[in-house]
Amino acid sequence: MMQHIILCGGSGTRLWPLSNRQTPKQLLPLFEGRSLLQLAYQRNQAACDSVLAIVSEQHANMVEEQLLEAGAEQLRMLAEPVGRNTAAAIALAAFVSAPETILLITPADHLIGTPDIYAQTIETAQLLAAGNSLVTIGLQPTYPETGFGYIQYSGHDVIRFVEKPDAKNASLMLQSGDFLWNSGIFCCKAGILLQELKQHAPEIYKAAGEAADEWLSKGHLSKASMEAIPSTSIDYAVAEKSNRVKVVPSTMEWSDVGSYEALAEALVQHYSYHNHQAVSIESGNNMVIGKEKLVALVGVENLVVVNTPEALLIMKKGKGQEIKQLHQWVKENRPELL
């Protein structure tokens, strides 16, 4: 069996105003009353005998409540007073786990369908991890996405990691057939990860080890101990440099639910979403999210309308990436709305 490490630190800025500092996207009960966090736990419940959630202090109580509601029993929580990216979070998880424990490390904010394919993918990853590999899950790309990182591969071997490409290179990689989307899911022994971290990112190894000792002895992390850990991704710190990395290609249905278009597609395809507080007249292909008041659409198409107590967003489908600019404007001009 494995230990499930759930990374709960995502902020979901591209889903503002639905997702905010108080309730980021992974904690929103959008999927038939369940959150992405709860779905992530339940998806991996059969393969893992315990769960460790890496959370921000701000959301620790909410995360614990949701995981217990989802059925978690062997639950541990490691609350970070300040976020320091995925390398720090994963290093802390490895330090507080037994060296031979296989860790299944997943983001809390992804939506995955095709449960049979997912289970087979994780089983293959576990076997490779048992052989002392650092394993990542790669997804067969279906279109030239510029918002994801890519992995060039051959079989289970990783040739190289590629940062988020421009549209031209994304199209070329899709056509080549030997690139995968980087899912952000990892599987490895805790001790093997620490060996690689010590070799390739010694500053993170040292600072995370000291922070983990503090957590084990005191039951909490100080802000100073977290801030001492360099902030970088696990890809940059270890995966791109290690010769132990393997990849499991997968055709599972996957979404990072990173935009309103992705959220709308997920709700319609998987959950038969219908908002009884929305009415459309001579309108089509629209999505209304939020139930605070009636939203009436007349003669419009291809819109996403997000109706919250704090703000109303009206967006043309296809413009989801522009929410980053909107979020920055709100941060500078109306920060109380975040």
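Undergrad: With reference to specific residues and values, describe the packing of helix α3 (residues 85-95) against helix α7 (residues 202-218).
TA: Two elements in contact, α3 and α7, have axes whose closest approach is 9 Å; the angle formed by their N-to-C orientations is 55°. Viewed along their axes, α3 and α7 adopt a mutual orientation that is oblique. Handedness of the α3/α7 crossing: right-handed. Residues Ala87, Ala91, Leu92 and Phe95 of α3 form the contact with α7, whose participating residues are Ile204, Tyr205, Ala208, Gly209, Ala211 and Ala212. Counted by class, the contact of α3 with α7 contains nine nonpolar, one polar and no charged residues.

Undergrad: Requested: an account of a nonpolar patch on the surface, with residues and values cited.
TA: A cluster of nonpolar side chains, contributed by Val279, Ile281, Leu294 and Val298, occupies part of the molecular surface with about 360 Å² of accessible area. Secondary-structure assignment places Val298 in strand β14 (residues 295-298). With a relative accessible area of 57%, Val298 lands in the exposed category.

Undergrad: Help me get a handle on the nonpolar core, residues and values and all.
TA: Core analysis: the largest hydrophobic core is formed by 44 residues, its most contacted members being Ile5, Ile54, Leu78, Ile105, Ile204 and Ile229. Counting residues per element, this core draws most heavily on α3, at eight residues. If near-sequence neighbours (up to four positions away) are discounted, Leu78 is found in contact with Leu52, Ala53, Ile54, Val55, Leu92, Val96, Trp215 and Leu221. Tyr118, Ile185, Val248 and Met252 belong to the second largest nonpolar core, which has 24 residues in total.

Undergrad: Tell me about the pattern of salt bridges, and please be specific about residues and values.
TA: As enumerated under the stated definition, the model contains eight salt bridges in all. Taking the shortest distance from any N to any O, the salt bridge between Glu210 and Lys206 comes out at 2.8 Å. Residue Glu210 and its partner Lys206 are located together in helix α7, separated by four residues, close to a single helical turn. Residue class for Lys206 comes out exposed when judged on its relative accessible area of 53%.

Undergrad: Could you give an account of the packing of aromatic side chains, with specific residues and numbers?
TA: Throughout the structure, instances matching the rule amount to five aromatic pairs. Here Phe95 and Tyr205 contribute two aromatic rings whose centre-to-centre distance is 5.2 Å and whose plane-to-plane angle is 50°, an arrangement assigned as tilted. Pair noted here: Phe95 is in helix α3 and Tyr205 is in helix α7, with a separation of 110 residues, a long-range link. For Phe95, a relative accessible area of 21% puts it in the partly exposed group. Judged by its relative accessible area of 23%, Tyr205 falls in the partly exposed class. Plain terms: the ring middles of Phe148 and Trp181 are 5.1 Å apart, the flat faces sit at 80° to each other, and that makes the pair edge-to-face. In this pair, Phe148 sits in the loop between β6 (134-139) and β7 (150-154) while Trp181 sits in strand β9 (residues 179-189), placing the two residues 33 residues apart along the sequence. Residue class for Trp181 comes out buried when judged on its relative accessible area of 5%. Counting every residue linked through ring pairs, the aromatic cluster contains Tyr143, Phe148, Trp181 and Trp254. Taking NZ or CZ as reference, Arg43 lies 5.9 Å from the ring centre of Tyr118, over its face. Across from the ring centre of Tyr236, 4.7 Å away, lies the NZ or CZ of Lys241, which sits over that ring.

Undergrad: Requested: an account of the sheet that holds strand β16 (residues 312-316), with residues and values cited.
TA: Strand order across the open sheet formed by three strands is β13-β15-β16, with mixed pairing between neighbours. The sheet is open, and its two edges are formed by β13 (287-289) and β16, each paired on a single side. Neighbour-to-neighbour, the strand axes of this sheet turn through a mean angle of 10°, independent of strand direction. One ladder, built from three bridges, connects β13 with strand β15 (residues 303-307); its direction is parallel. Looking at the pairing, Met287 lines up with Val304 of β15.

The rules behind each value
- Residues numbered from 1 in each chain as written.
- Predicted model: local features only at pLDDT ≥ 70, side-chain atom pairs only at ≥ 80, totals over all residues.
- Heavy atoms only, no water.
- Axes fitted to C-alpha atoms, helices over the stretch in contact; angles between N-to-C directions.
- Helix = DSSP H or I, 4+ residues; strand = E, 2+ residues; numbered from the N terminus.
- Parallel < 35°, antiparallel > 145°, perpendicular 65-115°, else oblique.
- Left-handed = near helix turned anticlockwise from the far one by under 90°.
- Contact = heavy atoms within 4.5 Å.
- Nonpolar A, V, L, I, M, F, W, Y, C, P; charged D, E, K, R; others polar.
- Patch = residues over 30% accessible without salt bridge, like charges linked within 9 Å, V, L, I, M, F, W, Y side chains within 5 Å.
- Areas by Shrake-Rupley, 256 points an atom, 1.4 Å probe, with all protein chains shown as cover.
- Salt bridge = Lys/Arg side-chain N within 4 Å of Asp/Glu carboxyl O.
- Buried < 20%, exposed > 50% of the residue type's maximum accessible area, 1.4 Å probe, protein only.
- Core = buried A, V, L, I, M, F, W, Y, C linked by side-chain atoms within 4.5 Å.
- Phe/Tyr/Trp six-rings, centres within 6.5 Å; stacked < 30°, edge-to-face > 60°.
- Lys NZ or Arg CZ within 6 Å of the ring centre and 35° of its normal.
- Pairing = 2+ DSSP bridges.

Such coordinate-based values are descriptive only and should not be taken to indicate function.
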